[in-house]
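Analysis of the macromolecular model
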Amino acid sequence: AETCVAPSPSMTASEHPFEVDVQTAHELFQQNPGKVRIIDVGDAFDAAEIGFYDDGCAEAFEVKLVEDLAYLACSNGLHIVDVSDPAAPVRVGYAEAENLHDVRTSLEVRGDRAWYGSPAGIIELDISDPASPLELAVTGTGFYGPINLRAIDDNRLLGMMGITGIHVFEGT
């Protein structure tokens, strides 16, 4: 059976969901410009917005949920947000990146590593302390930002790079 969840009544026509990730009975909808809406879908026929994050995230394009943390690929960097209280999400960490307005960013999280990708390159981060993400390496991509990033294992990353094809990147 399929259920269609209507957009929040507070959404405007200019807000378009880019990414959805589900954990327990909550969905996080990323929206441009930079808002992440938290929707309770415990009852799919009565879905309701219960919170949102809007703390300096420029355009948000991808979200990854790991336990109570949401990792957001915003055009101005990686935002790490505690969503343990969905009604009041709080930023706990941030890794700045060159702000490429209106340019799609991508993200992968695995273990204590995160990879943030944009046309400026792929930034590998140690996120073992979410409050203080540490930049480990930056790999240039020739201004062709990754459309999608996926960890192959703990040290290798697959980057779908649009017109330049699929690339394998070695981590630190």
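Residues numbered from 1 in each chain as written. Predicted model: local features only at pLDDT ≥ 70, side-chain atom pairs only at ≥ 80, totals over all residues. Heavy atoms only, no water.

1. Examining the environment of G51
By the element assignment, G51 lies in strand β4 (residues 48-53). Relative accessible area serves as the criterion here: at 7%, G51 is assigned to the buried category. Those residues in contact with G51, other than ones at most four positions away along the chain, are V36, R37, I38, P86 and A87. (Helix = DSSP H or I, 4+ residues; strand = E, 2+ residues; numbered from the N terminus. Buried < 20%, exposed > 50% of the residue type's maximum accessible area, 1.4 Å probe, protein only. Contact = heavy atoms within 4.5 Å.)

2. Topic: the sheet that holds strand β6 (residues 69-74)
With antiparallel pairing, 4 strands are arranged side by side in an open sheet as β5-β6-β7-β8. Edge positions in the sheet fall to β5 (60-66) and β8 (90-96), since each has one partner strand and no second. The average undirected angle you get between the axes of adjacent strands in this sheet is 20°. Inspection of the sheet shows β6 paired to strand β7 (residues 77-82) by 6 bridges, in the antiparallel sense. Pairing of A73 across the sheet is with L78, part of β7. (Pairing = 2+ DSSP bridges. Axes fitted to C-alpha atoms, helices over the stretch in contact; angles between N-to-C directions.)

3. Some thoughts on the nonpolar core
One finds Y71, L78, L125 and I127 to be the most contacted residues of the largest nonpolar core, which totals 14 residues. For this core, the secondary structure elements donating two or more residues are β6, β7, β9 (106-110), β10 (113-118) and β11 (121-126). For this core, the element with the most residues is β6, which contributes 3 residues. With near-sequence residues (within four places) excluded, I127 lies in contact with Y71, I80, V109, G111, D112, R113, A114 and P133. Core analysis: the next-biggest nonpolar cluster, separate from the first, contains 12 residues, I38, C74, V81 and V83 among them. (Core = buried A, V, L, I, M, F, W, Y, C linked by side-chain atoms within 4.5 Å.)

4. Side note on the pattern of salt bridges
For the structure shown, the criterion picks out 4 salt bridges. Between K64 and E62 there is a salt bridge whose closest N-O contact spans 3.3 Å. Taking relative accessible area as the criterion, K64 reaches 13% and is therefore assigned buried. Exposure remark for E62: the relative accessible area of 2% places this residue in the buried category. Between D112 and R113 there is a salt bridge; the shortest N-O distance is 3.4 Å. Each member of the salt-bridge network shares a partner with another, and the members are D112, R113, E124 and D126. (Salt bridge = Lys/Arg side-chain N within 4 Å of Asp/Glu carboxyl O.)

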